Every structure is written in C-alpha cells, then in structure tokens.
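Close look at the chain arrangement
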Amino acid sequence: MASFNLTNFDAAMKHMYPYKKVENMVYKNNPLLAMIPKDTKFPGRNATFAVEYGLTNGRSATFQTAQNNRNGTKLSDFVVTRVKDYAVVSVDNETLLAADGNEGSLLDVAKAKTDSALHALSRAMGRDVYRSGTGAIGQLHGSAGVADTSLELVAGHAVNFEVGMRLKASATDGSALYDGVLEVTAVDRDNDILTVHATQNVAIPSISTNDFLYAEGDAANGGSNIKLAGLDSWIPSSVSSSSFFGVDRTADSTRLGGQRQSYANSVQETIINAAVKTNREGGRPDACFMNPTDWAELALDLEGRAAVAGANHRRRYDQKDRAGAFGFSSISIATPAGMVDVYADHNCPINVAYLLQLDTWSLKSLGNAPRLLDFDGLKGVRQANEDGVEYRWGYYGNLICKAPGYNCRIALA
C-alpha cells in the first residue's frame, strides 16, 4: 500500500469536507443561522445599501402644493463592513508518519480534530447572529472579586462557555477590557456558574457584579466591533444616535432600527401583538425565534388552550416540520401578518424573541461561510514553529438587514 503523505492527506480532507457537508455540520443545530438567506458575493471594502425611511412630500390634491412641497425621498446608506472568524486545527507529523499503510486511523484522528474545530466555529456563528457584535457572551450576576474562583452568570449564559476557554472582561458591553485573563476549569450549566483557575483569577482584580465576559480575541475593547452584527445590533432594545454602519437611526427608529414589543399577558399574545405592529409598517414576518425555555412555555400554554377548545383548535398549533434541508420543528400561530412559524433556538437569549421577515436578511460573505482557507491551493499549511500541519477554517462577512422596520424584537418578561 502506498505511503500516506501530505498530498493524499489533503485530498482526503477535501473528500471528507465538501462544502455541503460542512454547511450541514455548521447549520444543522442552529435554526436561525441555517434559515437566514446566504449571499456568497461580498466584493470590495464594504456593502453599501440604502433604506428608505420617508416618502416624498410632493403629493397633494392641489397641483401647486404638490409642486411646492416636492423633495426627494428620505434615504440612509448603511455601509456594512466585513468581520472575520477562524477555527484552526493541527495534525502533528509523527501522526502522519505513523499512519503509513493505515489511512483509516489517521483520518479518524483528523476528522475528530476538524469536527471539533468546526463545532466551535458553528457555535460562535450560531450565537453571534443573535448578538450585538461586541463579542460579549455572558454577564456576571453574583458578586465577584479577586479571591473568587466561582463566577455566577445571568440565567442561561453558561451555555456559551467551554472548559479551557480563556476569558477577558469589561465593565460594560463593548467597553475597554480589564487587564488580565481568566481560564475556565469547570462549567455548571444548570446553575450558570463558571469555575476559573485560582492562580489566574488574580489577573483581573477589578472584576465585579454585572461585568461582561468575552472569549479572548473576540472583544471590541472600546473600539469597532469585530464580530457579526447580529439581531441585537440591527433590532436593539433601544435606538441611540450613535452611528451604526454610518447611520444615525434616531431619524426613524422603527424603519432604521426595527420594532420593539413589550410583554403582554402570555407569549402567544405578545407574538401576535408584535405581528400587528410589524404588519402595520408593511412587514410580512414569517418566522419567530426564541430560547427553548420560552418555546416550551408557549407550547404548554397552547396545549392547554387546545385541550379546552377541542381538536379543531389543536390542529392549528401542532408542531410541524418546515420544508427544507434541516426540518426544524415549529409551532404555527395565526397572526394578522399570516401564519408565523415559531422555532426554538438554543442560541437565542432567554426572555427575548425575534419576529422576522426572513427575506429582508442576508448573511453576506466572501465565498462560503465557513470555508476551508486554502487560497494557495493547499488544504494544509506546514507549521513554522511546530512539527505538524495546520488546517484553517473561517469566513469573511457580516449580517445585513435591508428592511429593519419589517422585523421586531420581543420582550418575553
């Protein structure tokens, strides 16, 4: 049998990870990430597009008045720049040599390592499409200080952390980072508690209640965001005059910054109210995404209503699979905007939901997102300072919304 070398290992990697398979691996457990339309053409330095937020006033039943008041429509140009994210895996040369005549054992090792890297990247992408782009993945809830190795988080935030993850911290979301780094040694996902390395925790003596945590290398650090501009940035809880891709959205906080709906009596009623508000602006939302905890509350509430109303009512609220490659289960709710499918997504923060018109969104990237970074034709790169071969995955792109006013952020508490 021929020796298994770097050349045929590269070929094997290409065979193991064709794009469709990579897409399935990354998207299959991330409903919103999977269902957002993809655009793999993002040439130039940025993507510029206009959002109309005001019609011309040159209209009147009186011609002279229409003529006197004529002016152009109100447009704002969003200038969206790309961000980057990477996942890197390496295979040492000793393993390559030891696989002589035993290709299967090497491929098993390579696949395990590469799958782990892709999983890490998919978790980051799935989470980032919901967030603001600052890089924050959790917030402290309980008190913390220099002597603490146990950090209590806001409910539901522990799912974003991994053992071995190195963390940075800041006083507010996106602000300048404290000096020092923490390393996670244990994660209690049921009680939302992180345990950090005792000798490293002293590196951030200023850490305290309500501080924000970031994976090392992801934080805005008081400057420009380097992560995806997710739903929390396009449809924030409140709109400020701060520039967002070059736009002051206070000129029309709805059409430029999306809708907001407060909680009202039940999850179902709140979603319907949000659909009313969105439809009033001309939107036709077709999907709603929320945390599984909130989705379960909706399902149990509808099941109780169905039991009272009878079988005909029940059928309107049965789970169903959305037609498509991934088949995510949903609950279908009748709204003034039409039927809306409600999906559970573990990446969505608790007590927040998003009612979206999906065709107004696009994950725009340079080529596939993610992709094997093999621009020189080689799948693997010889490591300069290590005895091995490195494989790099990543993407260059950002999330875009061309009609923010057709989408709504929903508070569920």
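Position numbers for residues count from 1 along each chain, tracking the sequence in the order it is written. Selection of residues for local features in this predicted model requires a pLDDT of at least 70, selection of side-chain atom pairs for listing and counting requires 80 or more, and totals for whole chains, interfaces and linings are taken over all residues. Note that water and hydrogens are dropped before the side-chain values are worked out from all heavy atoms of the structure.

**Overview of the nonpolar core**
Across soluble globular proteins, nonpolar side chains have a tendency to be buried as a group. Judged by nonpolar contacts, the single largest core of 52 residues is most densely connected at Phe78, Trp234, Phe289, Leu356 and Trp361. If you tally residues by element for this core, the top one is strand β20 (residues 388–401), at 7 residues. Residue contacts are defined here by distance: any two heavy atoms, one from each residue, within 4.5 Å place the two residues in contact. Apart from residues no more than four positions distant in its own chain, Phe289 is found in contact with Pro31, Leu32, Met35, Tyr130, Tyr343, Cys348, Val352, Ala353, Tyr354, Leu356 and Leu358. In these notes, a set of buried Ala, Val, Leu, Ile, Met, Phe, Trp, Tyr and Cys residues joined through side-chain atoms within 4.5 Å is what counts as a nonpolar core. Accessible area is worked out with a 1.4 Å probe on protein chains only. A residue is then buried under 20% of its type maximum, exposed over 50%, and partly exposed in between. By definition, any uninterrupted DSSP run of H or I lasting at least four residues is a helix, any uninterrupted run of E lasting at least two residues is a strand, and each is numbered from the N terminus.

**Here's the deal with the packing of aromatic side chains**
Each aromatic ring pair is specified by the distance between its two centres and by the angle formed by the two planes. Two rings belonging to Phe, Tyr or Trp (six-membered ring only in the last case) form a pair when the distance between their centres is within 6.5 Å. Interplanar angles under 30 degrees mark stacking, angles over 60 mark edge-to-face geometry, and anything in between is tilted. Applying the stated criterion across every chain, the model contains 10 aromatic pairs. Pairing Tyr86 with Tyr396 gives two aromatic rings, centres 6.3 Å apart and planes at 80°, and the pair type is edge-to-face. Taken together, the positions of Tyr86 in strand β4 (residues 83–92) and Tyr396 in strand β20 put the pair 310 residues apart, joining distant regions of the chain. The class of Tyr86 is partly exposed, set by a relative accessible area of 43%. Between Trp234 and Phe244, the aromatic rings sit 4.9 Å apart at their centres with planes inclined by 90°, giving edge-to-face as the arrangement. Residue Trp234 is located in helix α8 (residues 231–234), and its partner Phe244 is located in the loop between α8 and α9 (253–257); the two are separated by 10 residues in the primary sequence. Residues Trp234 and Phe244 agree in their burial class; the two are buried. We call a charge positioned over a ring when the NZ of a Lys or the CZ of an Arg lies within 6 Å of the ring centre and within 35 degrees of the ring normal. The positively charged end of Arg82 is found above the aromatic ring belonging to Phe42, 4.9 Å away from the centroid. Note that Lys364 overlies the ring of Phe42, its terminal NZ or CZ placed 5.8 Å from the centroid.

**Examining the pattern of salt bridges**
We define a salt bridge as a contact between a side-chain nitrogen of Lys or Arg and a carboxyl oxygen of Asp or Glu at a distance within 4 Å. Counted by the stated rule, this structure contains 9 salt bridges. Here Glu162 and Arg189 are joined by a salt bridge, their closest N and O atoms 3.8 Å apart. In this pair, Glu162 is assigned in the loop between β6 (150–152) and β7 (166–170) and Arg189 in the loop between β8 (182–188) and β9 (193–196), connecting sequence segments 27 residues apart. The class of Arg189 is partly exposed, set by a relative accessible area of 37%. Residue Glu216 pairs with Arg166 through a salt bridge whose shortest N-O separation is 2.8 Å. Here Glu216, found in the loop between β10 (212–215) and α8, pairs with Arg166, found in strand β7; they are 50 residues apart in sequence, far enough to count as distant. Relative accessible area serves as the criterion here: at 42%, Glu216 is assigned to the partly exposed category.

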